[in-house]
Amino acid sequence: MTADDNGPLYLGFDLSTQQLKAIVVGSNLKTVGQAHVDFDADFGAAYNITKGVHVRPATGEVYAPVALWLESLDLVLARLSDALSPVPLSRVRGVSGSGQQHGSVYWNADAERRLAALDPARPLAQQLDRALAHEWSPNWQDQSTQDECDRFDAELGGREQLAQVTGSGAHHRFTGPQIMRLRRVHPDVYANTSRISLVSSWLASVLLGRIAPLDVGDVCGMNLWDMANQRWSPELLALAAGQDGAEGLRAKLGDPCMDGGESLGTISPYFAARYGFSPGCQILPFTGDNPATILALPLRPLDAIVSLGTSTTFLMNTPAYKPDGAYHFFNHPTTRGHYMFMLCYKNGGLSRERVRDALPKPEPGGTGWETFNQAVVDTPPLDIHGRDDRAKMGLYFDLRETVPNIRAGTWRFTCSAADGSDLREADSAWSKATDARLIVESQALSMRLRSQKLVHSPRDQLPAQPRRIYLVGGGSLNPAIAQTLGSVLGGADGVYKLDVGGSACALGGAYKAVWALERGSGETFDDLLAGRWQEDGAIEKVDVGYREGTYEQYGNVLGAFEEMEQRLLAEEKQ
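What this report covers is the structure whose coordinates are included nearby. (Residues numbered from 1 in each chain as written. Predicted model: local features only at pLDDT ≥ 70, side-chain atom pairs only at ≥ 80, totals over all residues. Heavy atoms only, no water.)

Points about the overall build of the chain
Of regular secondary structure, the chain possesses 21 helices and 24 strands. Whereas a compact globule of 574 residues would reach a radius of gyration of roughly 25 Å, the chain reaches 24 Å, a difference of no more than 12%. With the principal axes as the frame, the chain shows a C-alpha extent of 75 × 60 × 50 Å. Taking all 574 residues of the chain together, the buried fraction comes to 59%. (Helix = DSSP H or I, 4+ residues; strand = E, 2+ residues; numbered from the N terminus. Rg over C-alpha atoms; globule rule 2.2 N^0.38 Å. Buried < 20%, exposed > 50% of the residue type's maximum accessible area, 1.4 Å probe, protein only.)

In structure tokens, the structure reads:
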């Protein structure tokens, strides 16, 4: 940022499980400043938290103290203002951002008055602690709602019917089951709740100085929103709140904001007086962290993001609504008529590391990935060395998986390489080097299986596949993994490593603010971003993607891969 640069700035937040990040960009999308608060490092002793949360193993509850987030908001803005090169917050024209999906915050009847009357001389936590009906926010890692999930899955006739309506089957972390449990376990808290926010709309509310509406994309992570009709489901509201309480719950939730670029109003006077924001600074809708991720780059239909961290996530922007109980559909946070398709896998990096650690020990100073990568590269697709070889496939789950819902374990199968027929469980384990190749193939085959209804030929009569695949997370640095993902998933224009410095969600929020306040008539988010976003330094092509013959080879066994999963699922029910 140069001294004579007086253009508008835009602020994006990301309130995640372990951090609050703030990033500021200009109209050209270039970052001009950033700050963050690490919850454990900055407040761990005060709140007795570990990795941002409290865990109650006996019940499966995972929850966070809301006051921690209030203190963090004051601290992160102070750090932006007090940095060696402080950000001139007076030039911030718009603010948006993201919050960890599925978390919820419960306001009492005094909340609106307290939000509107904040004293800039006093910290937020000292003033808004009494605005809460519940001092805790259930976290997305919570697993205490199995009974409620069973009720949700059954309410409309089965899990698939629930997914058709809400975009997802029931999940422990989803807000509808969480509200239902809160009403059962803490009836006094529920009775004293005037409004319910998601984490994203809670943060927007504090900045706005009044209760902000839920966001068009984030509202879909609740198992309460009827996607086809874009309204609250009366049946599911009645399930969560009790038959006589559906209208009361609807009032607690309010009507979502259906335009991701609509201004909610100007920033609270608290922030103008305390931190120097312009009184005219606009607050835009905040969305969930997963929808915000797809806003961090111009992700067009047929583009996909694969996040390769401890867990694995697959995201696509698509105009096709084809829900299934095994995955998630959300409204796109900026583009009407489009959706965000999401797969979440628990078994990602940790399972790959276990297979890596079973290989021969690396040379001193090595990480073990060198040996793993060599094993992946040296093993041919599906471990087929000759014309008569059978294809090999496996599942490697260190944790009970969600997609599919199969217990922890390792399974190995073989089938005909030509068409996937004659599927059999392997008689014995194969080499550790083969496992290295197959665990990466297995994770990619699952993504391909579940996204196949959403892709079509990108051009030139190519087989149906993604146009581009972007890799993020720690695993994106691994060339062998990138090559294997490209071989299985395709990617007509290649596979790319995306580097946004670990700030994709905050950047997505900041970019959304730019679009909301600078868009031309009818200009879509993707169009604005494509015109201003610079690929140089942000992405790097790491693999060619589609390989003729190899891609089709994996397609030949995709049905067998699905059959393998179905056999194991059937065993679960015995």
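So, the pairing of strand S19 (residues 391-397)
Taken across its seven residues, S19 has six buried, putting it largely inside the fold. Strand direction decides the pairing type here: S19 and strand S20 (residues 409-415), joined by seven bridges, are antiparallel. Bridge pairing links Met393 to Phe413 in S20. (Pairing = 2+ DSSP bridges.)

A few points about the environment of Pro187
One can find Pro187 in helix H8 (residues 187-191). By relative accessible area, which is 48% here, Pro187 ends up partly exposed.

Quick notes on helix H1 (residues 39-47)
Regarding H1, the residues found buried are Phe39, Phe43, Gly44 and Tyr47. Here the buried residues of H1 occupy an arc of 140 degrees about the axis, which is enough to place them on one side. Exposed residues lying more than 90 degrees from the buried face of H1 are Ala41, Ala45 and Ala46. Each element contacted by the buried residues of H1 is listed here: strand S1 (9-15), strand S2 (19-26), strand S3 (31-38), strand S4 (54-56), strand S5 (61-65) and helix H2 (66-82). (Arc of directions from axis to C-beta. Contact = heavy atoms within 4.5 Å.)

As for the sheet that holds S4
With respect to topology, three strands assemble into an open sheet ordered S4-S5-S8, the strand pairing being antiparallel. Either end of the sheet is taken by a strand with one partner, and the two such strands are S4 and strand S8 (136-138). Here the average twist between neighbouring strands, direction ignored, is 35 degrees. Against the sheet, H2 makes contact with S5 and S8, and its axis sits at roughly 40 degrees relative to S5, the strand it touches most. (Axes fitted to C-alpha atoms, helices over the stretch in contact; angles between N-to-C directions.)

Some words on the sheet that holds S19
Across the sheet, three strands lie side by side as S19-S20-S21; this open sheet has antiparallel pairing. Edge positions in the sheet fall to S19 and strand S21 (424-425), since each has one partner strand and no second. Judged from the two bridges that link them, S20 and S21 form a sheet pairing that is antiparallel. Paired with Thr414 across the bridge in S21 is Arg424. Helix H14 (residues 349-357) rests against S19 and S20 of the sheet, and its axis sits at about 115 degrees to S19. Contacts from helix H16 (residues 432-451) reach S19 and S20, with the element oriented near 75 degrees to S19.

Things to note about the packing of H16 against helix H17 (residues 479-489)
Closest axis-to-axis distance for the H16/H17 pair is 9 Å, and the angle between their directions is 40 degrees. Taken together, the axis directions place H16 and H17 in an arrangement best described as oblique. With respect to the hand of their crossing, H16 and H17 are arranged in right-handed fashion. Between H16, through Arg437, Val440, Glu441, Ala444, Leu445, Met447 and Arg448, and H17, the contact on the second element is made entirely by Ile481, Thr484, Leu485, Val488 and Leu489. When grouped by side-chain class, the residues that make up the contact of H16 with H17 number eight nonpolar, one polar and three charged. (Parallel < 35°, antiparallel > 145°, perpendicular 65-115°, else oblique. Left-handed = near helix turned anticlockwise from the far one by under 90°. Nonpolar A, V, L, I, M, F, W, Y, C, P; charged D, E, K, R; others polar.)

Details of the pattern of salt bridges
Per the stated rule, a full pass over the model turns up 32 salt bridges. Linked through salt bridges whose partners overlap, the residues forming this network are Arg300, Asp303, Arg459, Asp460, Arg467 and Asp493. (Salt bridge = Lys/Arg side-chain N within 4 Å of Asp/Glu carboxyl O.)

Details of the environment of Glu160
Inspection of the secondary structure puts Glu160 in helix H6 (residues 159-166). Along the chain, Glu160 and Val206 lie 46 residues apart, while their C-alpha atoms are 37 Å from each other. What Glu160 contacts, discounting residues up to four positions off in sequence, is Asp324 and Gly325.

A look at the pairing of strand S6 (residues 92-99)
Every regular strand shows the same layout, with side chains that alternate between the two sheet faces. Among the eight residues of S6, seven are classified as buried, and the element is accordingly described as predominantly covered. In this sheet, S6 lies alongside S1 in parallel orientation, the contact comprising seven bridges. When the sheet's bridge partners are listed, Leu15 is paired in S6 with Gly99. As defined by bridge partners, S6 adjoins strand S13 (residues 282-283) across two bridges and the pair is classed as parallel. Each residue of the ladder has a partner; that of Gly94, found in S13, is Gln282. With two bridges connecting them, S6 and strand S14 (residues 287-288) associate as parallel partners. Within S14, the position partnered with Gly99 by the bridge is Gly288.

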